[in-house]
Amino acid sequence: MGSCSSQSCQSCFFEYETERMIVVKSKVVGSVFRLIQFLILVYVIGYVCVVQKSYQETDSVISSVTTKVKGTGFTNTSDLGARVWDVADYNIPPQGDSSFFVLTNMIVTPNQTQSTCPELPNQSTICMSDSDCLEGSNDVRGNGIQTGLCMNYKETVKTCEVLSWCPLEIDINLPEHALLAAAEDFTVLIKNSVTYPKFNFHKRNILPDVNSSYLKQCEFNRKTDPYCPIFRLKDMVSEAEEDFQTMAIRGGVLGIMIDWSCDLDWPEHHCGPKYSFRRLDNKIPENNVAPGYNFRFAKYYKTTDGRETRTLIKAYGILFDVIVFGTVNAVCNWFLLTCTKRRDYYSKHKFTYLDNTDDNAGESVSY
Amino acid sequence: MGSCSSQSCQSCFFEYETERMIVVKSKVVGSVFRLIQFLILVYVIGYVCVVQKSYQETDSVISSVTTKVKGTGFTNTSDLGARVWDVADYNIPPQGDSSFFVLTNMIVTPNQTQSTCPELPNQSTICMSDSDCLEGSNDVRGNGIQTGLCMNYKETVKTCEVLSWCPLEIDINLPEHALLAAAEDFTVLIKNSVTYPKFNFHKRNILPDVNSSYLKQCEFNRKTDPYCPIFRLKDMVSEAEEDFQTMAIRGGVLGIMIDWSCDLDWPEHHCGPKYSFRRLDNKIPENNVAPGYNFRFAKYYKTTDGRETRTLIKAYGILFDVIVFGTVNAVCNWFLLTCTKRRDYYSKHKFTYLDNTDDNAGESVSY
Amino acid sequence: MGSCSSQSCQSCFFEYETERMIVVKSKVVGSVFRLIQFLILVYVIGYVCVVQKSYQETDSVISSVTTKVKGTGFTNTSDLGARVWDVADYNIPPQGDSSFFVLTNMIVTPNQTQSTCPELPNQSTICMSDSDCLEGSNDVRGNGIQTGLCMNYKETVKTCEVLSWCPLEIDINLPEHALLAAAEDFTVLIKNSVTYPKFNFHKRNILPDVNSSYLKQCEFNRKTDPYCPIFRLKDMVSEAEEDFQTMAIRGGVLGIMIDWSCDLDWPEHHCGPKYSFRRLDNKIPENNVAPGYNFRFAKYYKTTDGRETRTLIKAYGILFDVIVFGTVNAVCNWFLLTCTKRRDYYSKHKFTYLDNTDDNAGESVSY
């Protein structure tokens with residue numbers, strides 16, 4: 001630019017700067033050069049285009065999942081008597097969205113009313129006399145509000161009395177075999193629609209080439225029925241390398257992963273759901289406060305005299321989480337062009353001709 | 001490097017290698033050169049900066065959604081008699097989070113108790129005598145545990161008896177017109193707060209310039225009230241190009257998409273929610289096991305003698321899913337710099353001056 | 001290419017084009033050149049490798065969250081009498097997934113039945129005579145279906161009668177102090193397992209080095225117990241810079257953010273959950289239709305004569321949303337290689353040797 005200042009601005013404006021190129025005419029040098037060019041071409045086509053697919057545009061999935069569990073179980077306990085469980089009983093909440101829970105084990109405390117009863121015995125609730133109990137005290141780990149009295153819990157044990165839903169739940173006697181063991185044979189129909197908005201691509205996990213009669217009796221099997229959307233609970237737990245009956249005792253969380261990653265350059269029928277299963281909660285027993293998965297809920301009733309009673313259920317079971325993911329690739333003109341351009345970038349050069357021996361002047365400038 | 005080895009290392013260290021440049025003085029060549037430079041400049045400013053906004057930094061949205069449905073409906077059926085439905089009745093679950101369900105049609109089976117009754121007739125349940133029924137058998141597609149007896153279902157049809165919640169639900173008589181047809185006039189208030197943490201940007205879908213009296217009577221309309229956060233259910237379904245009453249019969253899933261993509265370089269009031277609606281489940285009738293959206297739930301009661309009864313409801317309705325997405329762009333100094341740098345990269349050159357005619361030689365070619 | 005066409009194709013194939021390079025032997029120029037090379041090296045190693053960590057590969061988190069609230073509260077109202085609330089009463093829904101609600105305030109309307117009663121008085125419901133009321137009319141903002149009668153609401157006010165769940169809820173008398181004020185001392189155990197599938201990395205928020213006895217009595221405290229997974233509700237609200245008792249009156253939404261961003265190049269025990277808390281809904285009172293967070297639900301009962309009654313509860317409370325995020329970085333050979341390659345790219349040049357004095361051609365070197 002310095003040299004430009006010594007000239008008229010106009011002449012400067014029309015100057016063109018370029019690199020000087022030379023052309024070497026030598027079989028050895030030329031061969032090496034062409035080999036390098038060839039390797040670049042292989043890299044561009046092989047790696048950039050085929051492996052990395054950088055010429056493809058990607059999009060993330062928008063998904064809708066609904067689920068429906070089928071099956072009935074039978075329990076016979078002293079609390080509830082002989083009882084059949086259907087989906088409205090064991091599927092909580094009932095909505096059937098992407099997360100559903102199947103009750104497998106439980107501690108039932110029927111006929112609770114708002115009244116007073118002695119606390120469950122532990123270090124801080126055992127008392128000798130009323131003076132050990134503080135009226136109105138409300139321990140966050142306790143079951144109610146202390147009344148200030150010390151009552152017989154058992155013949156030999158006295159505990160502070162509380163105002164609470166009595167009788168209190170005794171949750172140490174969890175059945176060692178899951179009550180609703182039959183749940184392993186329950187099935188769930190998973191309906192999943194996915195959309196890749198950028199490519200206006202819609203697909204369901206119920207593929208177009210399956211018919212209704214097949215869907216009425218099929219069951220997912222990785223080998224024989226990989227596209228059947230009906231899953232036996234036990235099969236899913238087995239695929240996650242867990243034992244259903246063991247998991248059913250204390251409950252757990254199982255992830256149902258549906259992978260919709262597709263390459264839209266291939267015909268559409270190559271794009272199908274790929275299912276996998278994995279236990280999501282921690283099953284290692286050590287350091288495990290409240291292992292497994294459980295929650296408490298209650299059914300409320302009113303007696304004829306208008307008092308409220310409830311049945312408290314500590315529900316153990318398996319929470320199934322349907323997790324849909326995937327990205328889709330497709331050729332896009334713009335990216336295809338980019339790819340072509342890059343190849344050009346590597347293979348095209350400005351050049352002049354110059355013999356290896358001919359090192360005088362007379363270069364022709366190409367542009 | 002080879003030639004370097006023949007010299008002292010120090011002298012080698014202070015060598016500087018550069019490309020040789022030539023300057024072509026020609027109006028034609030210069031004009032073409034300047035034109036190319038101009039096009040590059042246009043590309044950098046126009047495409048990279050204005051269209052692609054590569055100088056901007058982006059952030060993804062963190063969102064909180066709560067919803068509240070309003071409206072009452074009236075049904076008059078033989079099972080339930082004349083009955084008014086309010087939000088606590090038809091909105092299940094009631095929590096009002098980003099996904100809410102509005103009941104539009106139903107099959108009600110009242111006064112079920114744990115007892116025995118003949119199965120619904122189908123290929124596997126029709127029997128001639130008790131020997132056709134297996135005591136304790138529990139078909140996953142059946143309704144209970146077989147007792148081993150063969151009973152009259154109708155005068156002409158005998159089926160195996162099951163222990164179950166009886167009477168069994170007969171779900172083939174779905175009302176052809178949605179019972180809660182009035183649901184189309186229900187409204188929902190959607191409250192959505194978004195945060196772009198990187199830019200400390202917070203905004204609600206209830207914009208600061210709307211007042212309470214407007215919010216008490218407004219209704220979303222793409223043309224007249226695009227920022228009213230209260231939506232009539234029928235309008236949303238229409239926007240998704242569906243017919244509410246048709247969809248109400250068998251239910252379905254409707255996505256309410258809220259797009260918060262903004263360019264924070266513009267004044268804040270340019271950044272508002274953009275609503276769109278889309279049916280998420282599949283409505284194509286063929287190959288459609290359990291088309292639409294429904295689930296079963298039960299209300300449990302206790303009779304005066306302590307026996308549990310329940311009302312089973314197979315609920316058909318529309319599940320609304322509020323999906324919030326968006327990225328926000330904003331100028332970032334670093335990126336602005338990058339952009340400037342890139343322009344320099346294209347317009348600045350090292351160069352030497354060389355007349356088009358001045359073609360002396362004598363350079364040594366290295367390779 | 002043009003000059004190539006005048007020669008045989010084979011000879012053309014073995015030509016090699018390259019830029020002409022010159023080597024400037026000058027201590028000043030060389031020093032500047034080496035300085036620039038040094039800066040590039042510093043940039044590559046310091047910025048690209050150390051700051052940006054571009055040699056690392058990243059992965060996003062897959063997470064599973066379950067929660068369990070503990071604590072009992074006591075209320076004494078005219079509607080309900082003295083009453084103890086446990087988790088099955090105030091935690092709605094009870095499932096304990098990543099979003100849980102704790103009831104803190106409420107308006108209870110007991111003993112509603114399907115019957116007729118005068119509407120709540122407002123501009124459109126106040127009437128003088130039956131002719132002001134339209135039988136069958138169903139206002140979306142009303143509470144039921146008008147019967148066409150004009151009835152005494154109070155001695156001085158007449159309103160149109162509606163068929164509805166009567167008596168109607170009067171929701172203007174929200175208690176000014178949260179009924180379940182004791183909720184501030186409730187605790188919640190959050191169990192969170194994360195997986196980074198690409199690196200086969202699993203971890204829980206209950207770290208391996210904490211024991212059961214610690215977990216039985218600990219409470220999260222940013223300074224003393226940063227890894228205790230048990231949180232007092234009041235502490236979380238305080239961390240979000242809100243007052244629990246104020247928030248408890250009208251409810252709200254609180255985000256519990258768990259950040260699992262980790263650098264797997266460091267030993268595993270450096271990778272732990274980082275908790276933060278933030279109010280997600282809008283608390284600004286102006287322009288706030290239905291401020292806070294509330295929803296209505298009902299408990300259904302049957303009277304001895306088979307009529308359905310319900311207790312309607314307008315529940316105000318805090319919705320806690322556990323949001324898990326994070327990316328993990330780790331050294332990856334391929335990226336490490338990429339980084340090395342880039343350094344080479346900057347430091348390696350083709351060059352020729354040319355003394356500063358050896359100015360045959362007479363070009364001026366610009367720098």
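Residues numbered from 1 in each chain as written. Chains lettered and ligands numbered in written order. Predicted model: local features only at pLDDT ≥ 70, side-chain atom pairs only at ≥ 80, totals over all residues. Heavy atoms only, no water.

**Q** Can you break down the overall build of chain A residue by residue, with the values?
**A** Regarding its fold elements, chain A presents eight helices and 18 strands. Buried residues in chain A amount to 50% of all 367 residues. Of the contacts formed within chain A by residues at least 6 apart in sequence, a portion of 69% connects residues at least 24 apart. For chain A, the exposed surface amounts to about 17,600 Å²; the carbon and sulfur share of it is 55%. (Helix = DSSP H or I, 4+ residues; strand = E, 2+ residues; numbered from the N terminus. Buried < 20%, exposed > 50% of the residue type's maximum accessible area, 1.4 Å probe, protein only. Contact = heavy atoms within 4.5 Å. Areas by Shrake-Rupley, 256 points an atom, 1.4 Å probe, with all protein chains shown as cover.)

**Q** Explain the confidence of the model for chain A to me, and be specific about the residues and the numbers.
**A** Residues and elements named next belong to chain A. Averaged over all residues, the pLDDT of chain A is 78; the fraction at 70 or higher stands at 76%. Contacts from residues 1-6, a stretch scored under 50 in pLDDT, to residues over four places away or in other chains number four contacts. Between residues 332-367, whose pLDDT stays under 50, and residues either more than four places distant or in other chains, the model counts 74 contacts. With a pTM of 0.78, the predicted complex shows an ipTM of 0.74. (pLDDT = per-residue confidence, 0-100.)

**Q** With reference to specific residues and values, describe the packing of aromatic side chains.
**A** Summed over the entire model, instances satisfying the criterion amount to 36 aromatic pairs over all chains. Ring centres 5.0 Å apart and planes at 10° place the aromatic pair Phe 100 of chain A and Phe 320 of chain A in the stacked group. In this pair, Phe 100 of chain A is assigned in strand β7 (residues 99-118) and Phe 320 of chain A in strand β17 (residues 308-325), connecting sequence segments 220 residues apart. Overall, Phe 100 of chain A belongs to the buried group, its relative accessible area being 1%. According to the relative accessible area criterion, Phe 320 of chain A is buried, its value standing at 0%. Taken together, a centroid distance of 4.5 Å and an interplanar angle of 20° make the contact between Tyr 90 of chain B and Phe 186 of chain B stacked. On the criterion of sequence distance, the pair formed by Tyr 90 of chain B in helix α4 (residues 87-90) and Phe 186 of chain B in the loop between β9 (158-166) and β10 (187-196) is long-range, its members being 96 residues apart. (Phe/Tyr/Trp six-rings, centres within 6.5 Å; stacked < 30°, edge-to-face > 60°.)

**Q** Outline the UniProt feature "binding site: ATP" (unreviewed entry) in chain A, supporting the account with residue identities and numerical values.
**A** If you check UniProt for "binding site: ATP" (unreviewed entry), the listed places come out as Lys 68, Val 69, Lys 70, Thr 187, Asn 294, Phe 295, Arg 296 and Lys 314 of chain A in our numbering. Taken along the chain, the residues just named run across 247 residues; in space they spread out, the farthest C-alpha pair reaching 24.4 Å. Of note, Lys 70 of chain A is situated in strand β4 (residues 62-70). Judged by relative accessible area, which is 44%, Lys 70 of chain A ranks as partly exposed. Leave out the neighbours within four places in its chain, and Lys 70 of chain A touches Tyr 90, Phe 186 and Thr 187 of chain A together with Val 140 of chain B. Mapped onto the fold, Thr 187 of chain A is located in strand β10 (residues 187-196). Ignoring anything within four residues of it in the chain, the contact list for Thr 187 of chain A reads Lys 68, Val 69, Lys 70, Glu 219, Ile 230, Phe 231 and Arg 232 of chain A together with Val 140 of chain B. (UniProt positions renumbered as here; feature names shortened; annotations may be inferred.)

**Q** I'd like a rundown of the pattern of salt bridges, residues and numbers included.
**A** The final tally for this structure, using the stated rule, is 45 salt bridges over all chains. For the salt bridge of Lys 314 of chain B with Asp 171 of chain B, the shortest nitrogen-to-oxygen distance reads 2.8 Å. Note that Lys 314 of chain B is positioned in strand β17 (residues 308-325) and Asp 171 of chain B in the loop between β9 and β10, a separation of 143 residues in sequence. Under the relative-accessibility criterion, Lys 314 of chain B is labelled buried at 6%. Through salt bridges that share partners, Arg 83, Asp 86, Asp 89 and Lys 299 of chain A together with Glu 308 and Arg 310 of chain B make up one connected network. (Salt bridge = Lys/Arg side-chain N within 4 Å of Asp/Glu carboxyl O.)

**Q** Lay out the pairing of strand β13 (residues 252-259) of chain C in plain terms, naming residues and giving numbers.
**A** Residue and element names in this part refer to chain C. When you tally the buried positions in β13, you get eight out of eight residues, the bulk of the element. Note that β13 and strand β17 (residues 308-325) share eight bridges and pair parallel. Residue Leu 254 lies in a different strand from β17, and its bridge partner there is Phe 320. With six bridges connecting them, β13 and strand β15 (residues 274-279) associate as antiparallel partners. Its bridge partner being in β15, Gly 255 is matched across the sheet by Arg 278. (Pairing = 2+ DSSP bridges.)

**Q** Run through unusual backbone geometry, naming residues and quoting values.
**A** What you tend to see is this: most non-glycine residues have negative phi, and most peptide bonds are trans. Cis geometry is adopted by the peptide bond preceding Pro 93 of chain B, which originates at Ile 92 of chain B and carries an omega value of -5°. Among the structural elements, Pro 93 of chain B can be located in the loop between α4 and β7 (99-118). Between Cys 166 of chain C and the following residue, Pro 167 of chain C, the backbone shows a cis peptide bond with an omega angle of 0°. For Pro 167 of chain C, the position within the fold is in the loop between β9 (158-166) and β10 (187-196). Although it is not a glycine, Glu 241 of chain B adopts a positive phi angle of roughly 60°.

**Q** Go over the environment of Asp 79 of chain C, please, and point to the residues and values.
**A** Residue and element names in this part refer to chain C. If you trace the backbone, Asp 79 turns up in the loop between β5 (73-77) and β6 (81-85). Taking the C-alpha atoms as reference points, Asp 79 and Val 108, 29 residues apart in sequence, are found 7.0 Å from one another. The residues contacting Asp 79, other than those within four sequence positions of it, are Val 108 and Pro 110.

**Q** So, the state of the cysteines: which residues are in play, and what are the values?
**A** Among covalent bonds in proteins, the disulfide is the one between the sulfur atoms of two cysteines. Using the criterion set out here, one finds twelve disulfides over all chains in the structure. The partner cysteine of Cys 133 of chain A in its disulfide is Cys 160 of chain A, sulfur to sulfur 1.9 Å. Where Cys 133 of chain A bonds to Cys 160 of chain A through sulfur, the torsion about that S-S bond is close to -90°, and the disulfide is left-handed. On the criterion of sequence distance, the pair formed by Cys 133 of chain A in the loop between β7 and β8 (145-152) and Cys 160 of chain A in strand β9 (residues 158-166) is long-range, its members being 27 residues apart. Considered together, Cys 133 of chain A and Cys 160 of chain A belong to a single accessibility category, that of buried residues. Put simply, Cys 127 of chain B and Cys 150 of chain B are joined by a disulfide, and their sulfur atoms are 1.9 Å apart. Looking down the S-S bond of the Cys 127 of chain B and Cys 150 of chain B bridge, the torsion is 100°, so its handedness is right-handed. With Cys 127 of chain B in the loop between β7 and β8 (145-152) and Cys 150 of chain B in strand β8, the pair connects residues that are 23 residues apart, well separated along the chain. (Disulfide = S-S within 2.5 Å.)

**Q** Tell me about the side chain of Asn 294 of chain B, residues and numbers included.
**A** Within the fold, Asn 294 of chain B resides in strand β16 (residues 294-302). Overall, Asn 294 of chain B belongs to the buried group, its relative accessible area being 8%. A polar contact of 2.3 Å, which involves the side chain of Asn 294 of chain B, links it to the side chain of Lys 68 of chain A. Among residues more than four places away in sequence, those in contact with Asn 294 of chain B are Lys 68 of chain A together with Lys 314, Ala 315 and Tyr 316 of chain B. (Polar contact = N/O pair within 3.5 Å; in protein donor to acceptor, adjacent residues only side chain to side chain.)

**Q** Which residues make up the environment of Cys 150 of chain B, and what values go with them?
**A** Residue and element names in this part refer to chain B. We classify Cys 150 as buried; its relative accessible area is 8%. Once the C-alpha coordinates of Cys 150 and Cys 160 are considered, the two residues, ten residues apart in sequence, prove to be 4.4 Å apart. Those residues in contact with Cys 150 that lie beyond four places of it in its chain are Cys 127, Met 128, Ser 129, Asp 130, Cys 133, Lys 158, Thr 159 and Cys 160.

**Q** Explain a nonpolar patch on the surface to me, and be specific about the residues and the numbers.
**A** A surface patch of nonpolar side chains, amounting to about 390 Å² of accessible area, comprises Leu 35, Phe 38, Leu 39 and Val 42 of chain A. Inspection of the secondary structure assignment puts Phe 38 of chain A in helix α3 (residues 27-51). (Patch = residues over 30% accessible without salt bridge, like charges linked within 9 Å, V, L, I, M, F, W, Y side chains within 5 Å.)

**Q** Before we move on, could you go through the environment of Asn 152 of chain B and cite the residues and values that matter?
**A** All names here are of chain B. Within the secondary structure, Asn 152 sits in strand β8. Owing to a relative accessible area of 48%, Asn 152 belongs among the partly exposed residues under this scheme. As a C-alpha pair, Asn 152 and Lys 25 span 127 residues in sequence and 107 Å in three-dimensional space.

**Q** Tell me about the side chain of Asn 105 of chain B, and name the residues and values.
**A** All names here are of chain B. Among the secondary structure elements, Asn 105 is positioned in strand β7. For Asn 105, a relative accessible area of 0% translates into the label buried. At 3.4 Å, the side chain of Asn 105 forms a polar contact with the backbone nitrogen of Leu 179. For Asn 105, the residues in contact, after removing those within four places along its chain, are Leu 174, Pro 175, His 177, Ala 178, Leu 179, Ala 248, Ile 249, Lys 314, Ala 315 and Tyr 316.

**Q** Give a description of the pairing of strand β11 (residues 201-204) of chain C that names residues and reports values.
**A** As paired strands, β10 of chain C and β11 of chain C are joined by four bridges and run antiparallel to one another. Looking at the pairing, Val 194 of chain C lines up with Lys 203 of chain C of β11 of chain C.

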